[in-house]
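# Commentary on secondary and tertiary structure
Here are the chains, one letter per residue:
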Amino acid sequence: MSERRRRSANPGGGEQGPGGDRPYAYGRPPEGAPSYDERAAGRAGDGRAGSDSVGSDGPGRRRPGAGRDTAQQPRMTRAEMRKAGQKGGQGAGPAAASGRGGKQGPPGKPGKKRFIDYPRFGKSGVRRWVPSWRLWLSGVLVVFAGGVAAVGIAYANTSIPKLHDMVDNQNNIYYWADGSEMTRKGDTNRQIVPIGEISVNIQNAVIAAENETFRTDSGIDPKGMLRAVYNMARGGQTQGASTITQQYVKNGYLTQEQTLDRKVKEFFITLKVNQKVSKNEILEGYLNTSWFGRSSNGIQAAAQAYYGVNAKDVDICQSAMLANLLKGAAVQDPSLSAANHARAESNWKAILDLMVKDKLVTAEERAKCTVFPEPIERKPAANMNGQISYLVELADKNVLNRDKTLDQQSLDKGGFKIYTTFEKDKVEALKKAVDDVQAETLNPVKRPDKDTFVQVGAASIRPGDGAIVAIYGGPGVENGHHGNNADAQGIQVGSTFKPFVLATAMQNGVLTSTDDQGKPARINADSRYLADDMSEIRKPDGSLVIGDDGKPYRQANEDPGKRGYVSLRQAMQWSYNVPFVQLNQDVGGPNAADMAEKMGLRRETFTDPKTTTFALGTSTQSPIRMATGYGTLAASGKEAEPYSVTKVERSGKEWPTFAKPAAAKQVMEAAVADNITDVLVNVAKNGTGSKSNALGRPVAGKTGTTDDNMSAWWVGYTPQLVTSVGLWREDPAHPGLIPMKGTGGKESTHGGDTPTDIFTRYMKVALANEKKLNFPVPQPVGSQVDSSGAPVSASPSPTLSPTDTAPAVPAPDVPVVPVQPTEVAPPAGCTPGVDCPDTTPSAPAPTASPTKGKPSPSASACLIPALCPSPSASASSTATTKPTATPSGSGSPSP
């Protein structure tokens, strides 16, 4: 037998033999077992160090004080020791008494078991920190029990106030930019009526429109509430309550803020209301606390405001229209705009059909509602006359756009102090300019079919900042005009869109040529484009654009004539259509749309950028947005979002979301913006906007006129102020634009006429106390790149002629007195602008003709006399045609 398996001569004497007592495998104790010193101390303390007795646990189990294992007394395996430790018995030995799983006890006895076994006893590593299934289950039960208790306590403590205690409306106060009070809006019209005095028709219409299961549901929409909580958790916009009961609770018992705390309160109050209050009482409360617009809270006030009747007398047709207002009166009141009217009529029909479907009315009763019930005319408060109502509407809109937690109903409840950017003197000056020009040009008595329903919309903004300092929204609500023309939609902007196309070409380049790096070549205003009337348009690859009739598309100018190749500077000066339609092809319509959006225009109002005539302003923009886009040019390429509110307070505290908007963004190179400004200075001084010369200071701008004289524009600016003026005709009772041919006694109306006149008169007053400033001197940008499809040797550009050179910007104190050229018919047999001799008297600069403001086609000189034909030929039929001001055109393919 080997020495290793030989039994010790003194089995009880663990200290005998070489190396001392080594009972563990490989000479070291396993994890959790006592060390040799602890074993020795245990034997000594037990008084049985030499004993070889077996513990009471049975064979193979040694006591803590036993000697080392032998063949007759085998030692414990690690698994056995772990089990012994878990049981906490004597087999655990000193490990159990050492405090590893419980409280230390006397030697030989198990430790005290913990109430919560965490960290887990007898486990090592990660398993020691992973809760057992018992612990998990216990935790879930505790949380559930706590939640039930909390719900019970909250439900028991929830009280339902009386309906009359919920009325707490206050005024909103609006302030001018200088801090003085502008007006107050409030005194909400409300009259609470019992359910018996509310027509059954309106009750049924509201149930069909808002909550068809109202009579049978529990009052809670779990999906809707979870969706709202989820949206709030991720920072998104919340959604309104889904059931009539929830909406009633929100209207009557809670604030309008959209927070998680308010949603929880809404849940408990809704539960209690549904249990304690009858369905009729809930419906009565809802109809008496809902907002219907026109400062009407409650169905009685709404019935009077829209139809002049009491709530008990509302018929089925009127009921469906009033129920539609609960979806948001700001966008459903049919008297506010044509878009609102279309929405309201569509929803009105749908609600009537739902009432039939839910068997709330019969099909025969529904059939009687064939004509939309138009509301009566609104009766505004006296303190909302003139421009005040439009200013308040614009300020409210800005508040709601910048704080999504507010809605119109919460704003109408009042208590807000709203500080605006509107400057009283400029608002009054703009209104006076409009009134004076209209009084001088319009005569509705003499020309009732031409001078009625003429609309003006205007906006004035600080470039580089975005503050709206003045607007003209219309003749006033007291005159039956409720829509805000300064923020009007649906009016085509005409040729005022052309600078955005030129900006794209200068900033991004044209697709017809590349630079040294292979990128689209950036061009300058000296680039020459064909300006002949009825010219074909080519794609960047040189192929012809095909019209809707399958033939090559030909673009018309507003007046006929062949002008050859002109610089883009002169094309902008006289607003020729052909060069800019071709330029739009060369830059790519979608690229022009992107640039216009960056400069401040709204993409949702664009027509399809891929259409051939996109450059001619077929898109619709409001005067505010047009002023924003041109303000980017005035600020050397920095776009600033327009705003009208600087601060909002409620209950003495400043509302947190109304800090000044972010600083203006640089959306194009300053050199590009300054070069376009230089081009537009030439338009204002020598082109279609020459009426602005009366301002007596540097002005840049662009006129715009659309097909059939549907609208006319002027958007102009100085370094300090940008103002846009739009003119159109529209009968508020019959939405849709009316042609302005003959308006003001003129054959046609153009942007260089009435809009420019209004601009000039207003700006004289608005800038009276401000310094005359020059625009920045433009730095060179791009290179001359002729249009796609142009011949290698183009005819000389009229812009190169000494008589056609754009003059320099005048000294700010010296007004320009334009020189009138004399129109002379060119000789027969030549093409005006290409090979006709120069018949124009020498003049320092081209100026507007006494009639329309454009030069005659004969003004283009023949620079090489040897190539000019004999002057004896008969005159061209186009030479004596007097051109008109800025064309735009819808761009329909011409035959």
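Anyway, here's the lowdown on the structure attached to this text. In every chain, residue numbers begin from 1 and rise along the written sequence. pLDDT decides what is reported in this predicted model: residues at 70 or higher carry local features, side-chain atom pairs at 80 or more are listed and counted, and totals for whole chains, interfaces and linings draw on all residues regardless. With hydrogens and water stripped out, all remaining heavy atoms of the structure feed into the side-chain values.

Another aspect to go through is the pattern of salt bridges. Here, a salt bridge means any side-chain nitrogen of Lys or Arg that lies within 4 Å of a carboxyl oxygen of Asp or Glu. Tallying each qualifying case throughout the model produces 25 salt bridges. For glutamate 641, the salt bridge goes to arginine 625, with nearest N and O atoms at 3.1 Å. Of the two residues, glutamate 641 is situated in the loop between strand S14 (638-639) and strand S15 (645-650) and arginine 625 in helix H22 (residues 623-634); the sequence distance between them amounts to 16 residues. Only protein chains enter the accessibility calculation, which uses a 1.4 Å probe. A residue is then buried if its area is under 20% of the maximum for its type, exposed if over 50%, and partly exposed in between. Accessibility expressed as a relative area gives 8% for arginine 625, which makes it buried. The closest approach of N and O atoms between aspartate 757 and arginine 761, which form a salt bridge, is 3.1 Å. Of this pair, aspartate 757 and arginine 761 both sit in helix H24 (residues 754-766), 4 residues apart, which is roughly one turn of the helix. In this text, helices come from DSSP runs of H or I with a minimum length of four residues, and strands from runs of E with a minimum of two, each type numbered from the N-terminal end.

In this section: the nonpolar core. The criterion is simple. A nonpolar core is a set of buried Ala, Val, Leu, Ile, Met, Phe, Trp, Tyr and Cys residues joined through side-chain atoms within 4.5 Å. In terms of nonpolar packing, the biggest core is built from 111 residues, with Ile418, Phe497, Leu502, Leu583, Leu680, Tyr717 and Tyr762 touching the most fellow members. Residues are treated as being in contact if the distance between any of their heavy atoms lies within 4.5 Å. Aside from chain neighbours lying at most four places away, what touches tyrosine 717 is Tyr630, Leu633, Ala634, Thr677, Leu680, Pro698, Val699, Ala700, Val722, Phe759 and Phe775. Judged by nonpolar contacts, the second largest core, of 47 residues, contains Val206, Ile269, Ile316 and Ile351.

We now examine helix H10 (residues 299-307). Side chains of residues three or four places apart in an α-helix project in the same direction, reflecting 3.6 residues per turn. Where burial is concerned, most of H10 is hidden: 8 out of the 9 residues are buried. Three or more residues of H10 are buried, namely Ile299, Gln300, Ala301, Ala302, Ala303, Ala305, Tyr306 and Tyr307.

Before going further, it helps to spend a moment on unusual backbone geometry. Unlike most non-glycine residues, methionine 534 shows phi in positive territory, near 60 degrees. With respect to the element layout, methionine 534 can be found in the loop between strand S10 (528-530) and strand S11 (535-536). With a phi close to 55 degrees, asparagine 709 is a non-glycine residue in the positive phi region.

Attention now moves to the environment of glutamine 408. Tracing the backbone shows glutamine 408 in helix H16 (residues 408-412). Residue glutamine 408 is classed as buried on the basis of its relative accessible area of 16%. Put simply, glutamine 408 and alanine 329 are 79 residues apart on the chain and 8.5 Å apart in space, counted from C-alpha to C-alpha. Apart from residues no more than four positions distant in its own chain, glutamine 408 is found in contact with Lys185, Trp291, Asp396 and Leu400.

Strand pairing requires that DSSP identify at least two bridges connecting the strands. Spatially, the 5 strands line up as an open sheet ordered S2-S1-S5-S15-S16, and their pairing is mixed. In this open sheet, the two strands that pair with only one neighbour each are strand S2 (181-185) and strand S16 (653-654). As paired elements, S15 and S16 share 2 bridges and run antiparallel to each other. By the bridge assignment for S16, glutamate 649 is matched with glutamate 654. Strands in contact with helix H15 (residues 388-402) are strand S1 (172-175), S2, strand S5 (416-420) and S15; relative to S2, the strand with the most contacts, it is inclined by about 75 degrees. Each axis is a line fitted through C-alpha atoms, taken for helices only over the stretch in contact, and angles between the N-to-C directions span 0 to 180 degrees.

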